[in-house]
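Summary of structural features
The chain contents come next:
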Amino acid sequence: PLVTPHEALRRAHAERRGLAAFNVIQLEHAESYAAAAEAAGRTIVLQISQNAVRYHGALAPLAKAVIAVAEASSAPLVAHLDHADDRALVREALRLGFTSVMYDASALPYEDNVASTAEVVAEAHAVGVAVEAELGEVGGKDGVHAPGVRTDPKEAVAFVRDTGVDSLAVAVGSSHAMTERTARLDLARIAELREALDVPLVLHGSSGVPDETLTAAVRTGMTKINIATHLNHAFTDAVRAYLAEQPEVVDPRKYLGAGRAAMTDEVVRLLDVIDAV
Ligand code: G3H
Ligand code: ZN
């Protein structure tokens, strides 16, 4: 079924386990994640990023597909809008029935970021939807999820208190879209943030993080683990291998099906790595 993330976040946070969040670009991603969630008996967050919306030119078609996949599944699945800085897009997601949204106002001056995020929290909570925000270096220019950026625990406490967000993405050493798994996480900072904050912490850019470090990050205090690039890698490798072996094939179901199956296997494996709830 389609669920809100509240219960899974609460449980994963309390038990120091992970809540898996994987990005959806096309229907096959959602089908793959649902199959893996059912096979493993876990909850998965299916997330559509604002960038994926720009690629398709609209939110509704893919969003309705994701919500339909979630509703038809026997596994608990969350429909989440990822990395949105467009308030109109967040409102559309609420209307479409998403159960979770990430709102990123970090490009605004700090006070405006807080005010704008608090407004989104009020709108989302009015319809029972959870809100994730992110906080890197206040005034930082590197982008939040860059290797050298760290979230300050004191700033994070004030930001969560003043906005009322349900979860917080923090900068602890990962960066987005890495194709090699060579990132090193600041486990000491994760422990400090976990200690200072009551809300579950979100790790972005988890594709670049090696398995053992992902497990350690979850045990130390990261809760929601966002992975996109690594699964696209698995998908594309399988499609490429399929087409190289069978160059005469023209039916997309053949090679997309190979990609979808490869992603499902990798997701099932990752669910154990992060001890997903
Ligand atoms: O919000 C999505 C994640 O942060 C994905 O990052 O592609 O580096 O795994 P990634
Ligand atoms: Zn991200």
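Per chain, residues are indexed from 1 in the order of the written sequence. Just so you know, chain letters begin at A and ligand numbers begin at 1, following the order they were written in. Given that the model is predicted, a residue must reach a pLDDT of at least 70 before its local features are reported, and side-chain atom pairs must reach 80 or more before they are shown or counted; all residues, however, enter totals for whole chains, interfaces and linings.

Topic: the UniProt feature "binding site: Zn(2+) 2" (unreviewed entry) in the chain
Taking the numbering used here, the UniProt-annotated feature "binding site: Zn(2+) 2" (unreviewed entry) corresponds to Asp104 and Glu134. These annotated residues cover 31 residues of sequence, and their C-alpha atoms lie no more than 6.2 Å from one another, placing them together at a single site. Within the secondary structure, Asp104 is located in the loop between β4 (100-103) and α6 (110-126). For Asp104, the residues in contact, after removing those within four places along its chain, are His83, Ala84, Asp85, Ala133 and Glu134. For the purposes of this entry, the term helix denotes a DSSP run of H or I that reaches at least four residues, the term strand denotes a run of E that reaches at least two, and both are numbered from the N terminus. Take Glu134: it is sitting in strand β5 (residues 130-135). We call a residue exposed when 12 or fewer other C-beta atoms sit within 10 Å of its C-beta, buried when the count reaches 20 or more, and partly exposed for counts in between; the C-beta positions come from the backbone. Judged by local crowding, Glu134 falls into the buried class, with 24 C-beta atoms found within 10 Å. UniProt positions are given in the numbering used here, feature names are shortened, and annotations may be inferred rather than shown by experiment. What counts as a contact is two residues whose backbone-derived C-beta atoms lie within 7 Å of each other.

Some details on the UniProt feature "binding site: Zn(2+) 1" (unreviewed entry) in the chain
As annotated in UniProt, the feature "binding site: Zn(2+) 1" (unreviewed entry) corresponds to His83, His176 and His204 in the numbering used here. Annotated residues spanning 122 residues; largest pairwise C-alpha distance 11.8 Å, indicating a single compact cluster. Topologically, His176 is positioned in the loop between β6 (167-170) and α8 (187-196). The contact partners of His176, leaving out residues within four places of it in the chain, are His145, His204 and Gly205. Positionally, His204 belongs in the loop between β7 (201-203) and α9 (211-220). Take His204: there are 25 C-beta atoms within 10 Å of it, and that puts it in the buried class. Beyond its immediate sequence surroundings of up to four residues, His204 is in contact with His145, Ala169, Ser174, His176 and Asn226.

A word on the site of ligand 1
Near ligand 1, the surroundings consist of 16 residues, among which His204, Ser207, Asn226, Ala228 and Thr229 are the closest. Contributions of two or more residues to the shell around ligand 1 are made by β3 (77-84), β8 (222-227) and α10 (229-245). Residue classes in the shell around ligand 1 are distributed as four nonpolar, 11 polar and one charged. Nearness between a residue and a molecule or strand is assessed with a C-beta atom placed from the backbone; a distance within 6 Å qualifies. Lys, Arg, Asp and Glu make up the charged group, whereas Ala, Val, Leu, Ile, Met, Phe, Trp, Tyr, Cys and Pro make up the nonpolar group; the residues left over, Gly among them, are polar.

Some details on the sheet that holds β3
Two strands qualify as a pair provided that DSSP identifies no fewer than 2 bridges between them. Read around the closed barrel, the eight strands follow the order β1-β2-β3-β4-β5-β6-β7-β8; overall the barrel is parallel. Neighbour to neighbour, the strand axes of the sheet diverge by 25° on average, direction disregarded. Two strands pair when backbone bridges link them, and strand β1 (residues 19-23) and strand β2 (residues 44-49) are joined in this way by four bridges, in the parallel orientation. The residue of β2 that forms the bridge with Asn23 is Gln47. Axis lines are fitted to C-alpha atoms, over the contacting stretch for helices. Their N-to-C directions set the angle, which ranges from 0 to 180 degrees. Relative to β5, helix α7 (residues 153-163) is tilted by about 150°, and along the sheet it contacts β5 and β6. Sheet strands touched by α9: β7 and β8. Its angle to β8, the strand with the most contacts, is close to 145°.

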